[in-house]
Structures are given as structure tokens and as C-alpha cells.
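Tertiary structure, described
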Amino acid sequence: MSLLPELRYPSVTEIVSSARALAAHRPGLCSLRQVGSSRAGRPLQLLSVGHAARSVLVVAGAHANEPTGGSTLLSLAERVLRDRELRADTSWHFLLCADPDGASLHVTPAPRTLLDYHLGFFRPAGPEQPEWSPSVLPPDRLPPETRALTRVIDELRPYLQVTLHGTDLGGSWVQLTKDIPGLAEPFAKSAAELNIPVETGASDAAGWPASGPGVHVMPAPGSDLAYPSMPDDARHSTWYHAHRYGGLTAVVEVPMWASDLVDDPAPHPAPAAAMRRLARRLLQDAIQVESVLAEVLPRLPGPDGPLLRAAKWALELVPGLAGDWARTPPADSTMAYVGSVDAFGRRLPLRAAAMLLRVLQEADDRAAPPLERLVASWSEAFAERFRARWVPLEHQVEHQSRTVVAAARHARDRAA
């Protein structure tokens, strides 16, 4: 039985329905249970396959704007059921969506363009993101989604946690909290077979050591950060919670639209000058959004909703980040890295503008039409600059699934 809706991203309701059907179809091997509730009372569901003591935990939906993970999770569940070897000494557990409230606000079931994607865009402010909240909030203020996720980790004690992430435009890469020797080869082979570029200089992993192209290992706690102004530190996220049981976390990123500009390992001719130029553009773009925000705020009813909180959060990151880019030596000097930073610099104000636009459209505010034109212009420029090409959903899912299976096999060998 196939659980994947064709050519589009399934909703959380569809993912849960598919998981429930799978558990009913194979009750001897599968179970589905609620492990918590969101802030709005939506259930957090865990699908389990197999009964071995050793476990792998796979998390989807940690970021609402990264929809591939839900499809990948269903594909992986089917794969584990078909392949006895995968479940011979490992039970697999799938958190269907870590942030169902966020997923209800991000609307891109089948985006045709980057503009389509951004017109339905939502990504919560950092303190409201389940995996990231421990890096910016004290323990007594963590959201219920975070507490549910850490309880699952405490219960399962996985030797590997995999969290399924993605990017709108760029390439594929992996972030590891500990190295998994041997992972780089199958990861690169899968990407090449599916024509997905490997993001060798991912700005998300700036300054991290690499165990192979696109496979980055997080620095130890206490190491200097490439972007010291950023308020969230991955080393304080839920990714590290598995370490207390001897496990590790792999973050597997896949792009919706690919760009071959992010996998060029050639040296950039003037990386420091390029970083300063990108910092200036980031500030200038953010100022355009901030001017709209300043104009409309007196007209908007309070209190701020999640879209407006998220837009403000994104804009608040800009001055410090631009300062990091302009004043510190580049963490990497390759064309790939500068390209990744270029994409990040376009992405941040565009996302803020897109979320503010949704607020203004709901309020029927007169500033919405010109802001929509700005979002359209930036989306088009982003796609054109990076020569964006759509990655078929089945390729996104297959590459992410292959990488998860390879990570599980190599991490098992590492832990043995």
C-alpha cells in the first residue's frame, strides 16, 4: 500500500491518516499513539515500527516552511516495513509533526514558483520553534511541543535521532552533532543520481568541520561561532538531547528548488568584499520591510499574532547578522559559501515581508498591494539569480530517505 499523495505535500491531517492506516494494516509491527499536545491543543503523534530495544527517532515538521519531511517520513515507514534488515535489531519511531500549529499556518501544498511558496509562508519566531526554543528560553518557559519531544527522546534513548529539514532554494547538506564515518559517500552518491546539488558551503554550518562534501559536524560546546550575534545556538537545541544517552542527531536538508551555485568549491576571488556587499544589501532590504511595518503598526489591532511576531523576529536578526558578515573574516572562502550567504541574505527579509503581507491582507490594509509587488519582485530575483530549478517531490523524498537509512546503518556500526 502506498501512503504518498502524488505531486504535492501532504497536510498534517493526511500524514496522520496515512500513519493510522499503516498501523491498522500491520498491527503486529506498528502502533500509533499521542505523545503530547501543541499550544493550541493539536495532538503530537508518534508512529512506531518494530519492537527491537535499539531505536531510531525520525522527526518531521520541526519547521513549518519545510514540508518535505512529512512525505519522507511516510516513505521511510513503508521502507522499514518492506525491509526486514532495517528493523532486525532496530525499532523505528516517527514523530509525525513536531509543530502542528505552525504547519496549520504555512500553506504550500503544491507551490509552482517561489512566489507561490512565499505567499503562503510561515516560520515561527525562534522561541516558538520546538527544536530551537531551548537555545533561547529558560527551561520553565519551553513550549509543550519541545517538552513532548524531549520526553520521547528520554523514553526511547535513540542511538540516532534524525530531524528532516529542507530549504526553499539551494542544495542538500547534513548537519551532525557527532561524526558518522562513512555517511558522506552514500549521501553524495544519492544526490548525484537524483541531480540534487550538494551545498558544500552551507551558511547554516559556517565554520563547522566537514567529514565530506556537504556533511558538517557541529563544533564542540565552547567553540566560537561564525555568527556570534545570532541568538540561537544549535548546541543548546533538542538536537543535543540524545547525547545524554550516547546518541547523536543528524539533520538532513533537501531543497525544493535546486541551484548549482551552492556546490562550487572553487575559491572566491574576493570573499571578504563579497560578504561586506551582501551585508549592505541585507540591511537595505530589511529597511524596506521595516518602513512598511512602522507605517502599518498603528493601524493593526493587537496583540501580535504568530505571523507578525515571526516577521518582527526575522527583522530583529538583521543588524547583528549584517555586522557579523561585514566585520568578521569569512568562515569559508569558496564560491559555494558566498553563494549560500547570498541566498540567506535574500531569504531573511523576503520571509519577513511575506509574513507581514499576510497580516496586511487579512486586515485589508492599503499597504498590502505595494508590499505584494515587493515580495513578487524579490521572489523572481531570487529564482533568477540562482537559476532555480524544481526538484521533483519524489526526488526530494528519495534522497532524504536514502540519507536517513545510510545514517542509521553507519551510526549503528559506530555505536556497536
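Residues numbered from 1 in each chain as written. Predicted model: local features only at pLDDT ≥ 70, side-chain atom pairs only at ≥ 80, totals over all residues. Heavy atoms only, no water.

The name given to the protein in an unreviewed UniProt entry is M14 family zinc carboxypeptidase, with the source organism recorded as Streptomyces phaeochromogenes. In the Cofactor (unreviewed entry) part of its UniProt record, the protein is described as follows: "Zn(2+)". (UniProt positions renumbered as here; feature names shortened; annotations may be inferred.)

**Overview of the packing of aromatic side chains**
Enumeration according to the criterion identifies eight aromatic pairs in this entry. Taking 6.3 Å as the distance between ring centres and 75 degrees as the angle between the ring planes, the aromatic pair formed by Tyr 117 and Trp 257 counts as edge-to-face. In this pair, Tyr 117 sits in helix α4 (residues 114-119) while Trp 257 sits in strand β9 (residues 248-258), placing the two residues 140 residues apart along the sequence. Here the two residues Tyr 117 and Trp 257 agree in accessibility, since each one is buried. Where Trp 325 meets Phe 344, the ring centres are 6.1 Å apart and the plane angle is 65 degrees; that geometry is what we call edge-to-face. Remark: Phe 344 occurs in helix α9 (residues 335-362) and Trp 325 occurs in helix α8 (residues 306-327); sequence separation between them is 19 residues. An aromatic cluster of three or more residues is present, and its members are Tyr 117, Phe 121, Trp 257 and Trp 390. Between the NZ or CZ atom of Arg 54 and the centre of the ring of Tyr 159, over which it lies, the distance is 4.7 Å. When the ring centre of Phe 386 is taken as origin, the NZ or CZ atom of Arg 385, which lies over that ring, is 5.1 Å away. (Phe/Tyr/Trp six-rings, centres within 6.5 Å; stacked < 30°, edge-to-face > 60°. Helix = DSSP H or I, 4+ residues; strand = E, 2+ residues; numbered from the N terminus. Buried < 20%, exposed > 50% of the residue type's maximum accessible area, 1.4 Å probe, protein only. Lys NZ or Arg CZ within 6 Å of the ring centre and 35° of its normal.)

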